[in-house]
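Here's the letter readout for the chains.
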Amino acid sequence: MTDDLKQQFERLVADPPPLGARPSESVFARVRTARRRRTAGVVTLAAAAVVAVAVAAGNLTDINSSPPVTNTPSAPSTVVTGPPTATPTTTPPNTPTNTQTSTPPAAPGTTATKPATSGVTGAARTTNTPPPVANHTSSTPDAPTLGVQVTLKPTVQGRALTMKVTVSGTELVPTDLINHRPLSTSQTTFLDLLGGTQYFFGDGGQSGSDAGAVDCLSGTKPTTGRQTYTLQDGSTPPTTHTYPKAGTYTFKYTVRYCGTGGWVPVTKSTKVTIK
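Summarised in this report is the structure supplied together with it. Each chain has its residues counted from 1, following the order in which its sequence is written. For this predicted model, a pLDDT threshold of at least 70 governs which residues receive local features, and a threshold of 80 or more governs which side-chain atom pairs are given and counted, while totals over whole chains, interfaces and linings are taken from all residues. Side-chain measures were taken over the full set of non-hydrogen atoms in the model, leaving aside hydrogen atoms and water.

Helix and strand counts for the protein chain come out as three helices and twelve strands. Sorting the 275 residues of the protein chain into buried and exposed places 20% on the buried side. Contacts spanning at least 24 positions in sequence make up 59% of the contacts within the protein chain whose residues lie at least 6 apart. For the area figures, the Shrake-Rupley method with a 1.4 Å probe applies, and any residue is considered shielded solely by the protein chains shown. About 20,600 Å² of surface is accessible on the protein chain, with carbon and sulfur atoms providing 56% of the total. Runs of E in the DSSP output that reach at least two residues are strands. Runs of H or I that reach at least four are helices, and both are numbered from the N terminus. In this scheme, a residue with accessible area under 20% of its type's maximum is buried, one over 50% is exposed, and one in between is partly exposed, where area comes from a 1.4 Å probe on protein chains only. Here, two residues are considered to be in contact whenever any of their heavy atoms come within 4.5 Å of each other.

The following block contains the structure:
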């Protein structure tokens, strides 16, 4: 029964007689009014029933059809719940283990066993550890820089000059002009491995030394040496040079060494004062 029909029914039942009328007339008027209202209510109820049956018949399209769900508070809502589903698993239960390991350092070339980090408890993973490779870096030292340094040390007594020369540095080993073989560094002095010398006393006098039958070829091994010697004035002693008169003279010394591009001259000069 809807709320509208319920209100009409309550008005039919509770309809007090109007005040000021006689009891007999009031009773008859009330009975007539009730009959009219009852007849109208029956007609309304019948019409509502017909409408409800028509709506229900329109909503039911087949045998399995269910009535429409309304938001009527008094209508209970039915929820069909299926049986709970469970996903079968093939993982066996974990077995508690009390593992106390003490892993010694692996020797070179041995096989190390590590516990697995995932999966079944107790499984192990085998890792082949290669032996440590020693870091033997054979770094080839840089080739020494080729070059010869000259140091002059003059000594003057009166008008006589004694000149000591020091040659040092690194050069390529010269080769023999006949056999084209490098000279022996153990049996030859460093000065004789150079390409000869030439020096000027500054007063017109000069002297020097010849390198001999040697050649400078690229590709030979370098040699390093140092030698100090006293210059000679000419091919034979004395080892001093005598100036004709007092004055200031420029002494110049030149020596050659074997480089990658051939003979390389090196010149050094100094002032000599004669009183």
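In most cases, non-glycine residues show a negative phi, while peptide bonds are predominantly trans. The backbone phi angle of H180 is positive, close to 60°, even though this residue is not glycine. If you trace the backbone, H180 turns up in the loop between β5 (175-176) and α3 (190-193).

A few words on the state of the cysteines. Cysteine sulfur atoms are paired as a disulfide whenever they come within 2.5 Å of each other. Going through the model one piece at a time under the given rule, you end up with one disulfide. A disulfide bridge connects C216 with C258, and the sulfur atoms are separated by 1.9 Å. Looking along the S-S bond of the C216-C258 disulfide, the torsion reads about 85°, which is the right-handed sense. Of this pair, C216 sits in the loop between β8 (214-215) and β9 (222-230) while C258 sits in strand β11 (residues 247-259), and the two are 42 residues apart along the sequence. Judged by relative accessible area, which is 0%, C258 ranks as buried.

In space, the four strands of this open sheet follow the order β7-β6-β11-β12, with antiparallel pairing throughout. Across the chains shown, the open sheet's two edge strands, defined by having one partner strand only, are β7 (206-209) and β12 (262-274). Taking each pair of neighbouring strands and ignoring which way they run, the sheet shows an average axis angle of 15°. Strand pairing is assigned whenever DSSP identifies at least 2 bridges connecting the two strands. Bridging between strand β6 (residues 197-200) and β11 involves four bridges; their strand directions are antiparallel. Bridge pairing in β11 links F200 to K252. Between N-to-C directions, angles cover 0 to 180 degrees, with each direction set by a line fitted to C-alpha atoms, over the stretch in contact for helices.

A few words on the pairing of β6. Burial of the side chains of β6 is restricted to one face: T197 and Y199 are buried, whereas none of Q198 and F200 on the reverse face is. Between β6 and β7, which follow one another and run antiparallel, lie five residues, and G202 among them has a positive phi close to 100°.

The next thing to look at is the nonpolar core. We call a set of buried residues a nonpolar core when its members are Ala, Val, Leu, Ile, Met, Phe, Trp, Tyr or Cys and they connect through side-chain atoms within 4.5 Å of each other. Membership of the largest hydrophobic core comes to 23 residues, with the highest contact counts inside it found for V165, V167, F251 and Y253. Sorting the residues of this core by element identifies β3 (147-157), β4 (160-172), α3, β11 and β12 as the ones contributing at least two each. Counting residues per element, this core draws most heavily on β11, which supplies five residues. With near-sequence residues (within four places) excluded, F251 lies in contact with L152, L161, M163, Y199, F200, F201, L231, K268, S269, T270 and V272.

What follows is about the packing of aromatic side chains. The relation between two aromatic rings is expressed through the spacing of the ring centres and the mutual angle of the planes. Side-chain rings of Phe, Tyr and Trp, where Trp is taken by its six-membered ring, are said to pair if the distance between their centres is within 6.5 Å; with planes under 30 degrees apart they count as stacked, over 60 as edge-to-face, and otherwise as tilted. Enumeration over the complete set of coordinates arrives at five aromatic pairs. Between the aromatic rings of Y199 and F201, the centroid separation amounts to 5.8 Å while the plane-to-plane angle is 90°, which identifies the pairing as edge-to-face. Aromatic rings pair up to connect Y199, F201, F251 and Y253 into one cluster.

In this section: the pairing of β9. Only one face of β9 is buried: it carries T223, G225, Q227 and Y229, and the other face, with P222, T224, R226, T228 and T230, is open. With nine bridges joining them, β4 and β9 adopt antiparallel strand pairing. Counterpart to V165 in the pairing with β9 is Y229.

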